[in-house]
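# Inside the fold
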Amino acid sequence: MTKIMNNEAWNELQRQIIECTACPRLRHHCLEVARTRRRQFRDWEYWGRPVPGFGDPEAELLIIGLAPAAHGANRTGRMFTGDDSGNWLYEALYRYGWANQPRAVSRGDGLVLRGAYITAAARCAPPHNKPTAEELRACRPFLVRELQLLRRVRLVLVLGRIALDAYLRALRDLGHDPGRPAFGHGAFYPPPAPGLPALLCSYHPSRQNTQTRRLTREMWHEVFARARAYLDGQAAG
Ligand code: SF4
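So, here is what we can say about the structure in this document. In this text the structure is predicted, and so the values were computed from the model without any measurement. Note that residues are indexed from 1 along each chain, following the sequence as it is written. It should be noted that, the model being predicted, local features are given only for residues of pLDDT at least 70 and side-chain atom pairs only at 80 or more, the latter also being counted only at that level, while totals for whole chains, interfaces and linings use all residues. Excluded from the side-chain calculation are hydrogens and water; included are all heavy atoms of the structure.

### Looking at unusual backbone geometry
Cut-off, in case you're wondering: By definition, any uninterrupted DSSP run of H or I lasting at least four residues is a helix, any uninterrupted run of E lasting at least two residues is a strand, and each is numbered from the N terminus. Only protein chains enter the calculation, and the probe is 1.4 Å; a residue is then buried if its accessible area is under 20% of its type maximum, exposed if over 50%, and partly exposed in between.
Its identity is not glycine, yet Arg37 carries a phi of approximately 60 degrees, on the positive side. Considering the arrangement of structural elements, one finds Arg37 in the loop between α2 (24–36) and β1 (54–55). Note on Arg37: relative accessible area 34%, which makes it partly exposed. A positive phi angle, near 55 degrees, is found at His128, a position not held by glycine. With respect to the helices and strands, the residue His128 is situated in the loop between β3 (116–120) and α5 (133–149).

Given below as structure tokens:
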């Protein structure tokens, strides 16, 4: 019975996200990108709508990114699917046992996550990858709802400062006091209160970070190794 009710709640949340029009600037941008397309994807029918979270409703690991990429998730309709950031993320999820395959190219590619769920601070691709404070505020209720529905999460991995900020604000919206954890690559914070997840921070695997080697593959894998160690009951710090 609980399972059925949860499925209904998830379906309702997905529907609300996909139909959301709260941010006119972002909706316009996503549709415009979908209309004009990038030459290499000219045969694609872009998704062009807000992108719901993806993964296992029973997840112990919750990953929060920034927002869909214009020609990535805004094209494919699945978080982190079809761009360089997603290639980094899914390779690591596969390597450390959360995904059944290392590649994510489309919603029909057979990818399944076990024990992990991926979401973002904003669900529409923003111009220059920069959602405004107002747009992030408008999108936060969806993250709050996901936190309510994901009852088994023990570790939250935030990718970048904006994701951290969105998560902390969502916790406050839910009446929790998460303290003031500072962002830093590799920073780990134990649960701030019984029943709340621990927190792990990483640089976002954006091109800006990976091409400048601010984030190397080794640094990135280390984050996932720590996440795995924590969830398997070993110390993460
Ligand atoms: S960013 Fe979030 S709140 Fe804004 S339109 Fe997209 S789904 Fe709605």
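### Quick word on helix α8 (residues 217–231)
A turn of α-helix holds 3.6 residues, and therefore any two residues three or four places apart point the same way. Stated formally: By definition here, a helix of n residues has an expected span of 1.5 Å times n minus one. Whether two residues are in contact is decided by their heavy atoms, any of which lying within 4.5 Å being enough.
For α8, which comprises 15 residues, the first-to-last C-alpha distance of 21 Å matches the rise-based estimate of 21 Å (1.5 Å per residue) to within 8%. Buried residues of α8: Trp220, His221, Val223, Phe224, Arg226, Ala227, Ala229, Tyr230 and Leu231, and no others. Residues of α8 that are buried make contact with β2 (61–65), α4 (84–95), β4 (155–159), β5 (188–189) and β6 (198–202). Following α8 by one or two positions, Gly233 adopts a phi angle in the positive range, close to 95 degrees.

### Points about the site of the ligand
The cut-off we apply is this: Any residue with a heavy atom positioned within 4 Å of a molecule or strand is treated as near that molecule or strand. Cavities and pockets were defined on a 1 Å grid built from protein atoms only: a cavity is a group of points that admits a 1.4 Å probe but offers it no way out, a pocket is an open group of points flanked by protein on both sides within 12 Å along at least five of seven lines, and a lining residue is one with an atom within 4 Å of any such point. Being in a pocket or cavity means that more than half of the molecule's atoms lie within 2 Å of its grid points. Here the nonpolar group is Ala, Val, Leu, Ile, Met, Phe, Trp, Tyr, Cys and Pro; Asp, Glu, Lys and Arg are the charged ones; every other residue, Gly included, is treated as polar.
If you check the shell around the ligand, you find Cys20, Ala22, Cys23, Leu26, Arg27, Pro50, Arg123, Cys124, Ala138, Cys139 and Phe142 and nothing else. Judged by the fraction of its atoms near the pocket grid, the ligand is located in the largest cavity. Taken together, the elements giving at least two residues each to the shell around the ligand come down to α2 and α5. Per element, the largest residue contribution to the shell around the ligand is three residues, and it comes from α5. In the shell around the ligand, the residues fall into nine nonpolar, no polar and two charged.

### Focus on the packing of aromatic side chains
Condition: Side-chain rings of Phe, Tyr and Trp (the six-membered ring for Trp) are treated as a pair once their centres are within 6.5 Å; stacked means planes under 30 degrees apart, edge-to-face means over 60, and tilted covers the remaining angles.
For the coordinates displayed, the defined rule picks out five aromatic pairs. Relative to Tyr117, the ring of Trp10 lies with its centre 5.3 Å away and its plane at 40 degrees, an arrangement referred to as tilted. Taken together, the residues span a long stretch of sequence, with Trp10 in helix α1 (residues 2–19) and Tyr117 in strand β3 at a distance of 107 residues. Here Trp10 and Tyr117 have matching classes, each one buried. Ring plane angle 45 degrees and centroid distance 6.2 Å describe the contact between Phe183 and Tyr203, whose orientation is recorded as tilted. Of this pair, Phe183 sits in the loop between α6 (161–173) and β5 while Tyr203 sits in the loop between β6 and α7 (207–210), and the two are 20 residues apart along the sequence. Since its relative accessible area comes to 19%, Tyr203 is described here as buried.

### Things to note about the nonpolar core
Selection rule: For the purposes of this section, nonpolar cores are sets of buried Ala, Val, Leu, Ile, Met, Phe, Trp, Tyr and Cys residues that join through side-chain atoms within 4.5 Å.
Core analysis: the largest hydrophobic core is formed by 67 residues, its most contacted members being Leu93 and Phe224. The residues contacting Leu93, other than those within four sequence positions of it, are Leu61, Ile63, Trp98, Ala99, Leu113, Ile118 and Phe224. Core analysis: the second largest hydrophobic core is formed by 10 residues, Cys30, Val33, Phe41 and Cys124 among them.

### Quick word on the pairing of β2
Rule in force here: DSSP calls a pair of strands paired once it identifies at least 2 bridges connecting them.
Within β2, five of the five residues are buried, which leaves it mostly tucked inside the rest of the structure. Of the two faces of β2, both are covered, the one formed by Leu61, Ile63 and Gly65 as well as the one formed by Leu62 and Ile64. Judged from the five bridges that link them, β2 and β3 form a sheet pairing that is parallel. Residue pairing in the sheet places Leu61 in a bridge with Ala116 of β3. Two strands pair when backbone bridges link them, and β2 and β4 are joined in this way by four bridges, in the parallel orientation. Counted as the bridge partner of Ile63 is Leu157 from β4.

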